[in-house]
Each structure stands twice: as structure tokens, then as C-alpha cells.
Amino acid sequence: MAVEELQSIIKRCQILGEQDFKEEDFGLFQLAGQKCIEEGHIDQLLEIIQNEKNKVIIKNMGWNLVGPVVRCLLRNDKDDDERKVYFVMLDLLVQLCNPKELLLGLLELIEEPSGKQISQIFLILLQPLQTVIQKLHNKAYSVGLALSTLWSQLSLLPVPYSKEQIQTDDYGLCQCCKALIEFTKPFVEEVIDDKENLLEDENEKLKDELLKFCFKSLKCPLLMAQFLEQCEEAGNDPLRYFASEIIGFLSAIGHPFSKMIFNHGRKKRTWDYLEFEEEEDKQLADSMASLAYLVFVQGISIDQLPMVLSPLYLLQFNMGHIEDLLENGLLRIEGQQSTLPVLRNKSFLTVPQVNNYLCSLYINKLDSQGNIRYLVYFKCLLNTSNHSGVEAFIIQNIKNQIDISLKRTHNNKWFTGPQLISLLDLVLFLPEGAETDLLQNSDRIMASLNLLRYLVIKDNENDNQTGLWTELGKIENNFLKPLHTGLNMSKAHYEAEIKNSQENTQVQKTKDLCSITVGGEDLPNMPPEMQLKVLHSALFTFDLIESVLARVEELIEIKTKSTSEENIGIK
């Protein structure tokens with residue numbers, strides 16, 4: 001029956017143009033496809049996906065089947081032959097479907113599991129996710145979003161602390177670390193080779209995302225990792241392998257660890273990126289301490305350091321790192337009492353990004369007074385920051401604290417209900433309404449949409465733990481509707497600029513350079529084809545925002561409809 005339903009829907013859609021597909025068609029296709037999977041008609045479904053006549057339909061609608069296929073692979077009730085068919089189906093969907101929709105769908109699936117299922121989803125989806133990102137043009141943002149999501153899930157896994165735990169790897173952290181290295185390698189190689197002929201700015205952004213991932217990895221899991229003795233089985237130590245590759249990545253993207261270690265804390269500029277340049281000694285203390293430990297204690301890549309340095313000099317040089325490692329140990333051992341002096345330190349509150357992340361690691365140890373301060377700290381940063389990337393990082397931390405609060409037996413009132421709403425008012429809005437510069441604020445907007453998507457998924461309307469559903473009307477008026485309008489205006493503006501640029505290219509065939517104005521500002525002089533790439537990159541950013549916005553609105557509609565049906569059933 002399910003197969004017949006699906007074939008009927010496909011037959012009707014085959015005579016339609018791609019632009020004529022309706023929302024109803026997508027819903028019916030998803031339901032019928034899911035039924036086929038649930039009823040075990042996987043061979044017939046595979047034939048439908050492989051049929052060349054259905055190529056356009058699968059491209060537009062097939063991504064909805066990825067979730068059901070992956071959930072079947074997570075269950076252990078399938079024999080080897082069935083699992084092979086599911087993997088073939090997944091590979092086909094990855095090859096045929098719209099990559100932008102797939103990217104968002106795969107990241108949602110990666111965010112869903114907890115406990116031991118985190119490693120299972122990693123091993124299933126990392127290769128498809130890599131394939132999807134390699135199809136996209138704006139790789140820097142996609143790679144950054146993927147690595148951030150993957151690292152967030154990886155950080156939830158317990159770090160093994162004994163030889164036996166490393167070997168058994170019950171929660172799969174070691175497997176995940178190895179898989180994550182394989183996932184990241186092609187993007188590191190792309191930075192080295194620039195084989196896609198990326199714009200220089202885009203290539204720098206990709207380096208930036210990879211650099212951030214390396215520093216996050218140095219902090220977690222590597223700062224907490226226990227390593228096997230170098231003299232025995234060091235070659236089979238997965239965490240040592242992970243550390244070695246991360247250090248190798250740093251050198252490959254233009255940041256040799258030796259230069260980083262010896263320049264850290266000096267006035268000499270070390271980073272090429274604003275986020276890593278300001279107050280560098282405070283921001284990167286833990287990651288640099290971890291890096292120093294890996295090199296000088298574990299001996300990873302130590303042969304790349306000059307051999308003329310005396311042991312006394314190295315000891316004196318590393319005293320700051322030793323102090324930081326000891327302080328981190330005290331914070332972990334003593335619990336909440338040792339974190340309060342840190343929050344009282346005024347210089348701590350001025351750090352715009354990385355210390356914000358460090359603070360989030362310890363908030364679950366604080367009492368109610370500490371949580372109040374952290375809430376105020378978030379609000380102050382959002383009110384005073386003028387950097388979209390920093391604001392996006394703050395919003396990600398807010399999401400992390402909400403997630404911790406919702407998972408506790410007794411909810412933390414400072415990140416649920418009325419207190420959270422006052423914080424969301426600062427997050428879910430556009431500073432200048434529909435006229436906000438969406439390109440300039442794209443990092444913040446994407447982080448806000450991802451937070452809203454998370455809240456809609458995790459908080460049911462009947463429970464309303466976060467207060468989201470009470471404030472939904474205000475969120476739609478202050479954020480979602482102006483964003484729709486702003487996207488339409490921005491896309492129309494950039495499309496007009498592309499048209500003008502193409503016309504100017506025809507006129508200026510004899511000239512090497514041309515200039516163009518976007519948003520009242522002149523772009524730097526560059527060849528016309530380079531100008532077009534810049535404009536198309538902006539349009540891609542708008543398309544990505546639009547895709548996430550559509551997904552958020554779809555989830556809201558599903559949740560509200562489901563709640564209404566439940567309430568009718570109760571009556």
C-alpha cells in the first residue's frame with residue numbers, strides 16, 4: 001500500500017515542472033517514503049530513487065528520507081544485507097539531493113542523539129556530510145557550521161582516563177576523534193592547494209574556521225586526555241594520534257605550533273584574524289597550555305623545535321602554562337567555590353570570546369548567585385558587542401546553557417521561563433528591522449535561527465519550559481517577518497548588482513579592472529569576474545539563511561498543529 005501511494009505521488013509530480021511542486025507534494029512524498037521504510041519495502045524504494053525519471057523529484061524532495069534511513073541504521077534489528085541496502089540508499093540521496101537542504105538535515109540529525117548514540121551517528125554521517133559540503137560553493141561557512149556542531153557533540157562524550165577505557169572506548173570518543181580527522185583533512189588540503197580557486201577572502205575565512213576548530217580541540221578533549229606511555233603502544237593511542245594531527249593541521253594552514261608557542265603572550269601579532277588578536281593572552285590560555293603540554297611533556301612533534309633551548313629556559317618559559325593547568329585542575333577538583341573568584345575578576349569579564357566559552361564549562365557548578373551573574377554577563381556582551389562573529393559565539397553559549405538546564409532534574413530558572421525570555425529578546429530581533437545589513441550580520445542571524453530551531457525542537461508547546469511558545473507572536477513580529485522582508489530586499493538588490501556588473505563587463509571588455517557599489521560602499525577594484533564571484537557569494541549566504549528560516553517556520557507549524565490535534569483529542 002505504501003509503495004503504491006508513493007508511486008502515485010511520483011507519477012503526479014513527474015508531469016509538473018520543478019517550480020510547480022507544492023508544499024503538499026513534499027509532505028505527501030515524505031509520509032509515503034517513511035511508510036515504505038517502516039513497512040520494510042526498501043528494495044522498491046531503492047528502485048524508485050535509482051529511476052532516472054525521478055531525478056528531479058528526488059533532488060527536491062528526497063532529503064526528507066535521510067532522517068528515516070539514518071534512524072533505521074541506528075537500530076540494531078537489521079541484518080547485514082538490509083544495512084547494506086540502507087547505506088546504498090543513503091549514498092544515493094547524498095549524491096542526488098539538494099546539498100543546501102542536506103547540510104541542514106544532516107546537522108539536525110547529528111544534534112539529535114545523546115550518550116553512546118553520538119558516536120554511532122558520527123560514524124554513519126561524517127562521510128556523507130563531507131560529500132555534501134564539498135558540493136557547496138561557500139565552503140568556509142558550511143565547514144565552520146559543521147565543525148562547530150560536531151565538536152559540540154564530541155564534547156558531550158566522557159574522555160577515557162585509563163588504558164582499559166581507551167581500548168574499550170565504550171562511548172566511542174576515540175573512534176569519533178579519528179573520524180573527525182578524516183572529515184577535516186580534505187578542507188585542510190584545500191586551503192593548502194587552493195584547488196577550487198577560492199577568493200582570497202574566502203580562503204582566509206576557511207583557515208579561520210579550521211583554526212578555531214583546532215583550538216577548540218586542544219581545549220576539549222585534549223586538555224583532559226590521558227595518553228598511553230610513549231614506550232608502550234604509543235603508536236596505537238588514538239588520542240595521541242588526534243593530538244598529532246591537530247598540531248599538523250595548525251602548521252598546514254600557516255600557523256606552525258613552534259611560532260605560536262613562543263609568540264604567545266608577546267606584543268608581536270600572532271594571528272591574522274581579529275577574533276584571535278585581541279587580548280590574546282587571556283583568550284587562548286587553556287588551548288596554548290594544552291599545546292605546550294602536548295609538545296613538551298608528551299613529546300608530540302617536539303623534533304620540530306630548535307634543539308638549542310636549555311631545559312631551564314623551557315621551564316621558565318612554560319611557568320605560565322603550568323600555572324594555567326594547575327588552576328584548571330583546582331577548578332575541576334574544588335567545584336563551585338573556586339569559580340566565584342574568577343567571576344569577580346573584572347579583567348575576566350572583558351574577554352569577548354574564548355573566556356566566554358571557558359566560563360560556560362563551569363556554570364553548571366555555580367549556585368544561583370553565580371548564574372545571575374552569568375546571565376547579566378551575556379546581556380552585557382550582547383548589548384555592547386559590535387562584532388557579528390562574537391555575538392554568534394555568545395548565542396551559541398546561550399544555547400548550550402539552555403540545553404544543560406533542560407537536561408537537569410531540577411531546571412535552572414535562570415535559563416528557562418521569564419529570565420530566559422528577557423535574554424531571547426536581545427537575541428531574536430534585527431537591530432534595524434528589515435533594513436538590517438543581513439550580510440554584515442549573517443553570523444549572528446544564523447546563530448539566532450539555530451537557537452530558535454533548537455528551542456522549537458526541544459520544548460513542546462504544552463510544556464513550554466523555555467517560555468518560547470508564549471512569546472511566539474512577538475518573535476514572529478520582531479524577527480521572522482522582518483527577516484523575510486530583509487531577505488527579499490537584499491536578494492533583489494544583489495541580483496540587480498549582478499545584472500549591472502554583467503552589463504558593465506560587456507562595456508569594459510578592454511579594461512582590466514572595474515568598480516562596483518553595494519549598499520552605498522564601493523567594493524575594491526578587481527577584475528569583473530572577481531566582482532561577480534563576490535556578489536554570488538553574498539547571494540549564497542542569503543539562500544542559506546532563507547533555507548534555515550524556512551525550516552524553523554516548518555518546525556513551528558508542525559509543533560503547533562500537533563499540539564492542537566492533541567488538545568482536540570483530549571476534549
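Residues numbered from 1 in each chain as written. Predicted model: local features only at pLDDT ≥ 70, side-chain atom pairs only at ≥ 80, totals over all residues. Heavy atoms only, no water.

> What exactly am I supposed to notice about the nonpolar core here?
The tendency in soluble globular proteins is for nonpolar side chains to be buried side by side. Counting 152 residues, the largest nonpolar core has L129, F183, L449 and L483 as the members making the most contacts within it. Counting residues per element, this core draws most heavily on helix α28 (residues 528-570), which supplies 13 residues. Other than its neighbours up to four places away in sequence, L129 contacts L103, L106, L107, I110, A146, L150 and F183. (Core = buried A, V, L, I, M, F, W, Y, C linked by side-chain atoms within 4.5 Å. Buried < 20%, exposed > 50% of the residue type's maximum accessible area, 1.4 Å probe, protein only. Helix = DSSP H or I, 4+ residues; strand = E, 2+ residues; numbered from the N terminus. Contact = heavy atoms within 4.5 Å.)

> Would you mind showing me how to read the confidence of the model for the protein here?
Low pLDDT marks regions whose predicted coordinates should not be analysed in detail. On average, residues of the protein carry a pLDDT of 78, and 76% of them reach 70 or more. In the model of the protein, helix α21 (residues 346-349) stands out as the element of lowest mean pLDDT, 34, in contrast to helix α8 (residues 117-135), which has the highest, 94. Here residues 330-370 scores under 50 on pLDDT; set against residues more than four positions off or in separate chains, the count is 74 contacts. (pLDDT = per-residue confidence, 0-100.)

> How should I be thinking about unusual backbone geometry in this particular structure?
In terms of backbone geometry, most residues other than glycine have negative phi values and most peptide bonds are trans. Going from C220 to P221, the amide bond is cis rather than trans, its omega being 15 degrees. For P221, the location among the structural elements is in the loop between α12 (200-219) and α13 (238-252). Located in the positive-phi region is D169, a residue other than glycine, with phi close to 50 degrees. The residue D169 is located in the loop between α10 (163-168) and α11 (173-193) in this model. Even without a glycine there, the phi angle at S301 is positive, about 60 degrees.

> Where do I start with the packing of aromatic side chains in this structure?
Describing an aromatic ring pair means giving the distance of the ring centres and the angle of the ring planes. Inspection of the entire model under this criterion finds two aromatic pairs. Ring centres of F183 and F187 lie 5.6 Å apart, and the angle between their planes is 65 degrees; this geometry places the pair in the edge-to-face category. Of this pair, F183 and F187 both sit in helix α11, four residues apart, which is roughly one turn of the helix. Given the relative accessible area of 1%, F183 is considered buried. Both rings, one in Y494 and one in F542, keep their centres 5.3 Å apart while their planes meet at 70 degrees; by these two values the pair is edge-to-face. (Phe/Tyr/Trp six-rings, centres within 6.5 Å; stacked < 30°, edge-to-face > 60°.)

> For this particular structure, what's the right way to read the pattern of salt bridges?
One pass over the full model with this rule turns up 18 salt bridges. Between R71 and E112 there is a salt bridge, with its nearest N and O atoms 3.1 Å apart. Here the residue R71 occupies a position in helix α5 (residues 66-74), and E112 occupies one in the loop between α7 (99-111) and α8, the gap between them amounting to 41 residues. When its relative accessible area of 38% is taken as the criterion, R71 is described as partly exposed. Its relative accessible area of 41% is what places E112 among the partly exposed residues. Between K185 and E182 there is a salt bridge, with its nearest N and O atoms 3.5 Å apart. Of this pair, K185 and E182 both sit in helix α11, three residues apart, which is roughly one turn of the helix. (Salt bridge = Lys/Arg side-chain N within 4 Å of Asp/Glu carboxyl O.)

> Honestly, the side chain of T466 in this entry has me stumped. Any pointers?
Looking at the secondary structure, you find T466 in the loop between α26 (442-458) and α27 (472-507). Overall, the relative accessible area of 0% leaves T466 in the buried class. Apart from the residues lying within four places of it in its own chain, the contact partners of T466 are I402, L406, T416, G417, L420, I421, L455 and D459.

> Mind showing me how you'd approach helix α2 (residues 23-38) here?
In this model, α2 (16 residues) spans 23 Å end to end at C-alpha, consistent with the 22 Å of a helix rising 1.5 Å per residue. Buried residues of α2: D25, F29, A32, G33, C36 and I37, and no others. All buried residues of α2 project into a common sector of 140 degrees when viewed along the axis, lining one side. Along α2, the residues that are exposed and aim more than 90 degrees away from the buried face are E23, E24, L31 and E38. For α2, the elements touching its buried residues are α1 (2-14), α3 (42-50), α4 (55-61), α5 and α6 (80-96). One or two residues past the end of α2 sits G40, with phi positive at roughly 85 degrees. (Expected span 1.5 Å × (residues − 1). Arc of directions from axis to C-beta.)

> Looking at this model, I keep getting lost on a nonpolar patch on the surface. Mind explaining?
On the surface, a nonpolar cluster with roughly 250 Å² of combined accessible area is contributed by L315, M319 and I322. Structurally, the position occupied by I322 is in helix α19 (residues 319-334). (Patch = residues over 30% accessible without salt bridge, like charges linked within 9 Å, V, L, I, M, F, W, Y side chains within 5 Å. Areas by Shrake-Rupley, 256 points an atom, 1.4 Å probe, with all protein chains shown as cover.)

> Is there a simple way to think about the packing of α8 against α11 in this case?
Helix-helix packing is characterised by the crossing angle of the two axes and by the distance between the axes. Where α8 meets α11, the closest approach of the two axes is 10 Å, and the angle between their N-to-C directions is 5 degrees. In this view, α8 runs roughly parallel relative to α11, as classed from their interaxial angle. The residues of α11 that touch α8, namely those facing S119, F122, L123, L126, L129, Q130, I133 and Q134, are Q175, C176, A179, L180, E182, F183, P186 and F187. Of the residues that constitute the contact of α8 with α11, the class distribution is 11 nonpolar, four polar and one charged. (Axes fitted to C-alpha atoms, helices over the stretch in contact; angles between N-to-C directions. Parallel < 35°, antiparallel > 145°, perpendicular 65-115°, else oblique. Nonpolar A, V, L, I, M, F, W, Y, C, P; charged D, E, K, R; others polar.)

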